[in-house]
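Coordinates in review
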Amino acid sequence: MTKPHVLQVGPYPEWDQTPLDTAYTIHRWWEAADKDELLAKVGPEVRAIATRGDLGASEAMIAACPKLEMISVFGVGYDAVHLASCRARGIKVSNTPDVLTDDVADLAVAMLLSLVRRVVPAEAWVRSGDWAAKGNPPLTRKVSGTRAGILGLGRIGAAIARRCQGFGMQIAYSARSPKPGAEGWTYIPDAAELARNCDHLFVALAATPETRHIVNADVLKALGPDGTVINISRAANVDETALLDALEGGHIAGAALDVFEGEPNLNPRFLSAPNVLLQPHHGSGTVDTRKAMGKLMRDNLTAHFAGQPLVTPVAL
Ligand code: 8YV
């Protein structure tokens with residue numbers, strides 16, 4: 001039996017690559033020196049695209065694959081997939097929700113604590129010899145008992161909220177409507193109003209055209225000089241220029257960021273901005289979770305080619 005042709009957009013760990021290479025004829029898009037040439041050559045045979053949340057599938061890539069039936073995303077976010085093309089052509093899309101929720105929420109809280117307790121500068125203080133030479137570093141601020149604002153109370157936002165509760169924090173959240181299971185948490189639909197009523201603003205929204213730059217200059221102003229922003233979602237949810245201006249102007253206290261416009265090449269202003277914690281988009285980056293994500297990404301491909309419903313379909 002001939003193996004289905006699958007276009008693979010970026011690399012996976014070996015524990016996913018080996019089974020993929022066994023089950024499918026894999027075309028490695030990211031390795032092609034001339035990507036247009038590759039698409040022109042293999043596109044007509046491709047029945048599925050295997051991609052990652054950060055890489056997606058562009059309009060041109062989808063257009064080059066006239067027999068494309070489904071796109072399997074390794075990641076919960078599918079904002080980089082050209083969904084209009086999928087809707088127009090009835091192409092199915094799957095993602096990897098749930099399996100990464102805990103890790104992303106863990107990192108979000110770790111980022112808050114690291115930022116506010118200045119864990120990274122404190123480590124540098126020890127390593128540089130400043131502790132012995134100058135004494136103790138400057139005092140930091142208390143996190144326990146402060147107010148968390150969760151922008152977007154989906155699976156990850158709710159997991160962050162539950163963790164923050166463990167630190168005795170008050171929880172407020174914004175979403176399109178009040179969420180079941182959020183009893184005891186305050187619903188504040190407007191982003192600026194939410195920012196005004198919290199100390200630490202977690203951005204946990206799925207990125208859509210509507211949420212682009214939802215954290216803008218007004219929201220940052222409302223957050224105020226003691227407030228921080230923690231973004232573990234997508235860079236597009238935050239107006240980076242407004243954020244950099246707010247950091248440099250001292251209009252907010254700090255920001256902890258796992259995602260950046262144009263990543264991995266970030267705006268160099270971040271490298272010299274005061275009080276930022278910069279992370280390399282690794283919210284789901286544990287062996288345990290990446291294995292679970294890879295399995296789910298492959299299970300969706302298997303289900304599709306077996307003529308079964310996708311395990312975790314995206315509602316288009
Ligand atoms: C991954 C992500 O880093 O789930 C997502 O949407 O962005 C991350 O979990 C990415 O998909 C892996 O490359």
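Below: a short report on this structure. (Residues numbered from 1 in each chain as written. Predicted model: local features only at pLDDT ≥ 70, side-chain atom pairs only at ≥ 80, totals over all residues. Heavy atoms only, no water.)

1. Observations concerning the site of the ligand
Going by this rule: Throughout, the term near means that a residue has one or more heavy atoms lying within 4 Å of the molecule or strand in question. Any N or O atom pair separated by 3.5 Å or less is treated as a polar contact, with the protein-specific requirement of one donor-capable and one acceptor-capable atom, and with residues adjacent in sequence counted only for side-chain atom pairs. Each accessible area is a Shrake-Rupley estimate made with a 1.4 Å probe; only the visible protein chains count as cover when residues are assessed. Note on residue classes: Ala, Val, Leu, Ile, Met, Phe, Trp, Tyr, Cys and Pro are nonpolar, Asp, Glu, Lys and Arg are charged, and everything else, Gly too, is polar.
Near the ligand lie 13 residues; those nearest to it are V76, G77, R234, H281 and S284. Here an oxygen atom of the ligand and a backbone polar atom of V76 are 2.7 Å apart. H281 is positioned such that a nitrogen or oxygen atom in its side chain is 2.8 Å from an oxygen atom of the ligand. Surface burial for the ligand is 92%, taken as the share of its 330 Å² of free accessible area covered by protein chains. When the residues that make up the shell around the ligand are grouped by side-chain class, the tally is four nonpolar, five polar and four charged.

2. Things to note about the pairing of strand β11 (residues 254-257)
Applicable threshold: Exposure categories follow from relative accessible area, calculated using a 1.4 Å probe and restricted to protein chains: below 20% of the type maximum is buried, above 50% is exposed, and the middle band is partly exposed. The helix and strand labels rest on DSSP assignments: H or I over at least four residues marks a helix, E over at least two residues marks a strand, and numbering proceeds from the N terminus. Any two strands with at least two DSSP bridges between them are considered paired. Every crossover in which the path from the first strand over the helix to the second runs clockwise, viewed with the strands pointing away from the viewer, is termed right-handed.
Here β11 shows a buried face lined by G254 and A256 and a second buried face lined by A255 and L257. Relative to β11, strand β10 (residues 228-231) runs parallel, the two sharing four bridges. Paired with I230 across the bridge in β11 is A256. With helix α11 (residues 240-248) bridging β10 and its parallel neighbour β11, the resulting β-α-β unit is right-handed. Bridge analysis of β11 against strand β12 (residues 276-278) gives three bridges, and the strand direction is parallel. When the sheet's bridge partners are listed, A255 is paired in β12 with V276.

3. What about the layout of surface pockets?
With a probe scaled to a water molecule rolled over the atoms, the places where space remains empty come into view. Spelled out, the test is: With a 1 Å grid laid over protein atoms only, a set of points is called a cavity when a 1.4 Å probe fits there but cannot get out and a pocket when it is open yet has protein on both sides within 12 Å along at least five of seven lines; lining residues have an atom within 4 Å of a point. Grid points are joined across faces, edges and corners, and a volume is the space filled by probe spheres set on the points. These domain limits were set by an automatic method or by a database of domain assignments.
By volume, the second largest pocket is sized at about 360 Å³. In this structure, the second largest pocket is lined by 18 residues; those nearest its centre are D54, F260, G262, E263 and H281. Shared between two domains, the lining of the second largest pocket holds at least three residues of each, these being domain 1 (5-99 + 288-305) and domain 2 (101-278).

4. Overview of the sheet that holds strand β6 (residues 147-151)
Applied cut-off: Here, two residues are considered to be in contact whenever any of their heavy atoms come within 4.5 Å of each other. Angular values range over 0 to 180 degrees, each being the angle between N-to-C directions of two axes fitted as lines to C-alpha atoms, with helices fitted over their stretch in contact.
The strand order across the open sheet formed by seven strands is β8-β7-β6-β9-β10-β11-β12, and the pairing between neighbours is parallel. Pairing within the sheet leaves two strands with one partner each, and these edge strands are β8 (186-187) and β12. Where β6 and strand β7 (residues 170-174) come together, five bridges link them in parallel fashion. Its bridge partner lying in β7, I150 is registered against Y173. The strands that helix α5 (residues 101-116) touches are β9 (200-203), β10, β11 and β12; relative to β10, the one it contacts most, it runs at about 145 degrees.

5. Remarks on the nonpolar core
Selection criterion: Throughout this description, the term nonpolar core refers to a set of buried Ala, Val, Leu, Ile, Met, Phe, Trp, Tyr and Cys residues connected via side-chain atoms within 4.5 Å.
Of all hydrophobic cores here, the largest spans 44 residues; its most connected members are I150, L153, I160, F202, I232 and L301. When residues of this core are traced back to their parent elements, those giving at least two are β3 (46-52), β4 (70-74), α5, β6, α8 (155-166), β7 and α13 (287-305). A total of eight residues in this core trace back to one element, the largest contributor, which is α5. Two domains each donate at least three residues to this core, and these are domain 1 (5-99 + 288-305) and domain 2 (101-278). Beyond its immediate stretch of four places on either side in the chain, L153 contacts A158, A161, Y173, S174, A175, K179, A182 and W185. Core analysis: the second largest hydrophobic core is formed by 29 residues, I188, V219, L244 and F260 among them.

6. Focus: unusual backbone geometry
In this model, E263 is joined to P264 through a cis peptide bond whose omega is 10 degrees. For H213, which is not glycine, the phi dihedral falls at a positive 55 degrees. Here H213 is to be found in the loop between β9 and α10 (217-223). Although it is not a glycine, N275 adopts a positive phi angle of roughly 50 degrees. Within the secondary structure, N275 sits in the loop between α12 (269-272) and β12.

7. Comments concerning the environment of R117
Residue position: R117 is located in the loop between α5 and α6 (119-127). The spatial distance from the C-alpha of R117 to the C-alpha of A80 is 34 Å, given a sequence separation of 37 residues. Setting aside residues no more than four positions away along its own chain, R117 makes contact with T140 and R141. Within the structure, R117 has its side chain in polar contact with the side chain of T140 (distance 2.9 Å).

8. Examining the sheet that holds strand β5 (residues 92-94)
Taken together, the five strands give an open sheet; going across it, the order is β2-β1-β3-β4-β5, and neighbouring strands pair in parallel fashion. Here the strands that pair on one side only, and so sit at the sheet edges, are β2 (25-28) and β5. Each neighbouring strand pair of the sheet contributes to a mean axis angle of 20 degrees, computed without reference to strand direction. Bridge count for β3 against β4 is five bridges, and the pairing is parallel. Counted as the bridge partner of A48 is M70 from β4. Relative to the sheet, helix α2 (residues 35-42) contacts β1 (5-8), β2 and β3, its axis offset from that of β1 by approximately 165 degrees.

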